[in-house]
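Here is what each chain is made of, one letter per residue.
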Amino acid sequence: QLVRCCKASWYLCIMSKRAACHRGFRASGDRSYCRRQAKRSILSGLGLYVLIAIAGYFMQTATHFYILAFAVGMVQGGTQALSRSLYAAMVPKSQSAEFFGFFSTSSKFAGIAGPLLFGVVSQIAGGSRLSIVSLIVFFVVGGLLLTRVDVKEGIRVARAEDALVS
């Protein structure tokens, strides 16, 4: 009932806060700084998502719901923009269609996996509280994968590939 009642308000809250907070993350995404700090900022965003999911487990009132919507809005826009920017920096310009096609396809699978896990856990647990916490798996796995990415090497390889094509 809480979700049904507040769905439109939640969306508006996320979109307005997303625009305002994107600027804060974008400051750390400036071109020279991005190459050094984007990975750290994205990992910080994933950590905040973990905290938001834990807080979602304890949500009881509409006020809690609005606070969480505000928090998601603060994190979402900036981390998405930084991750796309970091990905683009490691993609050879001559192969951008292939790489971004893969990026788009993988996001479609993520759009299936998250709701699927949420639904399965909800059916097993008999409620959505544990489902919210179960989404932490995606944030942790994504963070672990990101820690293994060598950004400098990725950018170097992309530029080398572009130099060969030119």
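Okay, so let's go over this structure. (Residues numbered from 1 in each chain as written. Predicted model: local features only at pLDDT ≥ 70, side-chain atom pairs only at ≥ 80, totals over all residues. Heavy atoms only, no water.)

## Looking at the overall build of the protein
Scanning the protein for helices and strands turns up 7 helices and 0 strands. In the protein, the succession of helices and strands from N to C terminus is α-α-α-α-α-α-α. Taken over 166 residues, the protein has a buried fraction of 30%. For the protein, the computed accessible surface area is about 10,600 Å², with 66% contributed by carbon and sulfur atoms. (Helix = DSSP H or I, 4+ residues; strand = E, 2+ residues; numbered from the N terminus. Buried < 20%, exposed > 50% of the residue type's maximum accessible area, 1.4 Å probe, protein only. Areas by Shrake-Rupley, 256 points an atom, 1.4 Å probe, with all protein chains shown as cover.)

## A short note on the packing of aromatic side chains
Under the counting rule described, the total for this entry stands at 6 aromatic pairs. Seen in terms of ring centroids, Tyr87 and Phe103 are 4.9 Å apart; in terms of plane orientation they differ by 35°. Their pairing is tilted. Of this pair, Tyr87 sits in helix 3 (residues 62-89) while Phe103 sits in helix 4 (residues 96-125), and the two are 16 residues apart along the sequence. Among the residues examined, Tyr87 registers a relative accessible area of 18% and is labelled buried. Given a relative accessible area of 29%, Phe103 falls into the partly exposed group. (Phe/Tyr/Trp six-rings, centres within 6.5 Å; stacked < 30°, edge-to-face > 60°.)

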